[in-house]
Amino acid sequence: MEATLTRTRPETNGISTADTPTKASPGHYLRCIEGDLARVEEILVQVTRSDIGAVRDISGHTLLSGGKRLRPALGLLCARLVGRDFPKERAYAGAAAAELIHMASLMHDDVVDSAPERRGVPTANSLYGNGITVLTGDYLFAKAVSLLVHNDENLRVIRIFSDITVGMTEGEVLQAAVARNPDIDMETYEEIIARKTASFLAGCCETGAIIGGATDDEASRLHAYGLHLGMAFQIVDDLLDFLGDPKKTGKPLGTDLRDGRVTLPLLHTIRVTDAETRQHIREILGRGSLSDADIAGVTATIARHGGFEQARRGAEEQVERAIDCLGRFSESAYRTALIEQARYVVARDR
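The structure presented is a predicted model; accordingly, all values stated were derived computationally and were not measured.

Chemist: Whenever I open this one, a nonpolar patch on the surface confuses me. Can you help?
Modeler: Residues Leu127, Tyr128 and Ile132 make up a contiguous nonpolar surface patch of roughly 260 Å² in combined accessible area. Positionally, Tyr128 belongs in helix α5 (residues 124-128).

In structure tokens:
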């Protein structure tokens with residue numbers, strides 16, 4: 001699978017389609033854990049069956065709304081990769097817990113962002129209201145912890161997931177604190193996406209490795225793989241926000257910009273453009289409401305200054321660093337799947 005974003009059509013309206021992600025899908029490489037993922041799905045259905053009808057309905061709505069199951073897949077692949085042990089029930093519980101934490105975080109994010117849709121499906125908060133959605137998100141997080149605490153061997157896993165959750169919250173707060181600020185530096189941007197996205201994927205890989213009996217060195221390498229993968233994943237999300245197909249991404253173009261988020265393509269542009277353009281971008285970010293024309297204008301400016309290409313290269317570099325972390329592991333279907341997963345991250349269109 002080609003790990004690039006390639007030109008497929010001529011340039012239009014100042015935006016080069018070289019910056020438009022190509023179509024991609026996870027494909028056959030996850031077949032090596034197909035049975036494992038099916039069992040995790042069964043567990044997710046079981047643990048979201050509450051006696052309280054509203055909790056059951058909201059949890060089920062979120063569960064069935066089309067998630068990628070990336071986090072469970074990473075945990076299972078890393079558990080299988082190390083090849084020493086595969087305690088099935090622990091591995092499945094850890095993978096399911098990761099997805100429950102992810103689901104809870106998405107529900108809370110949608111409330112904070114007042115998002116009407118996610119992945120083209122109405123969000124829980126738009127259907128059921130903010131208060132009950134937040135509470136159901138809390139319920140899912142508690143269920144994740146419950147899955148893990150019944151096994152005394154999971155203390156290290158629980159600590160990692162707890163630290164991840166703290167970091168995700170801090171990342172969201174930091175992102176909100178610097179919203180509409182075009183003068184943030186690269187270090188702040190990287191800290192935000194590391195806390196919000198990358199550390200979670202790193203933790204999924206590390207906990208999967210631990211459950212599978214990894215040595216400390218192996219667990220560290222797989223943590224690093226997940227961290228680089230997560231950085232690439234978020235950078236591609238930044239690109240898709242400007243260049244993706246809303247029918248596939250499930251959200252309007254320029255959502256981040258409307259919310260005042262200065263993501264990597266814009267950050268690159270601000271660093272290289274002239275003072276007049278920077279001031280214009282600052283004025284747009286400062287507006288309470290952005291028009292479609294505002295979004296189109298900023299998008300064209302980013303394209304003109306190579307911001308999309310620079311961000312794409314940044315994602316590809318992170319993917320190569322992720323793949324390098326797998327170099328000391330023996331050849332196997334699981335190692336191949338992790339390599340292909342990394343390549344899929346930069347080739348995906350949703």
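On we go from here.
Chemist: Where do I start with the pattern of salt bridges in this structure?
Modeler: Pairs may arise between side chains of opposite charge once their charged atoms sit close together. If you walk through the whole model with that rule in mind, you get 25 salt bridges. The salt bridge involving Arg69 is made with Glu41; its shortest N-O contact spans 2.8 Å. Of the two residues, Arg69 sits in the loop between α2 (53-63) and α3 (70-82) while Glu41 sits in helix α1 (residues 34-47), which places them 28 residues apart along the sequence. Exposure remark for Arg69: the relative accessible area of 14% places this residue in the buried category. Residue Glu41 is classed as partly exposed on the basis of its relative accessible area, which comes to 28%. Among the ionic contacts, a cluster of salt bridges with common partners joins Asp113, Asp256, Asp259 and Arg261.

Chemist: Please clarify how empty space enclosed by the protein should be interpreted in this entry.
Modeler: One pass over the structure, following the stated rule, counts four cavities of 30 Å³ or more. Its volume calculated, the largest cavity comes out at about 100 Å³. Residue lining of the largest cavity: His61, Thr62, Ser65, Leu106, Met107, Asp110, Arg118, Arg119, Val121, Pro122, Thr123 and Ala124, and that is the complete set. The dominant element in the lining of the largest cavity, judged by the number of residues it contributes, is helix α4 (residues 88-113), at three residues. Classifying every residue of the lining of the largest cavity by side-chain character gives five nonpolar, four polar and three charged. The wall of the second largest cavity is formed by 14 residues, among which Gly75, Gly94, Ala95, Thr207 and Gly208 lie closest to the centre. For the lining of the second largest cavity, the leading source of residues is α3, giving five residues.

Procedures and definitions
Residues numbered from 1 in each chain as written. Predicted model: local features only at pLDDT ≥ 70, side-chain atom pairs only at ≥ 80, totals over all residues. Heavy atoms only, no water. Patch = residues over 30% accessible without salt bridge, like charges linked within 9 Å, V, L, I, M, F, W, Y side chains within 5 Å. Areas by Shrake-Rupley, 256 points an atom, 1.4 Å probe, with all protein chains shown as cover. Salt bridge = Lys/Arg side-chain N within 4 Å of Asp/Glu carboxyl O. Helix = DSSP H or I, 4+ residues; strand = E, 2+ residues; numbered from the N terminus. Buried < 20%, exposed > 50% of the residue type's maximum accessible area, 1.4 Å probe, protein only. 1 Å grid on protein atoms, 1.4 Å probe; cavity = no way out; pocket = protein on both sides within 12 Å on 5 of 7 lines; lining within 4 Å. Points joined across faces, edges and corners; volume = space filled by probe spheres on them. Nonpolar A, V, L, I, M, F, W, Y, C, P; charged D, E, K, R; others polar.

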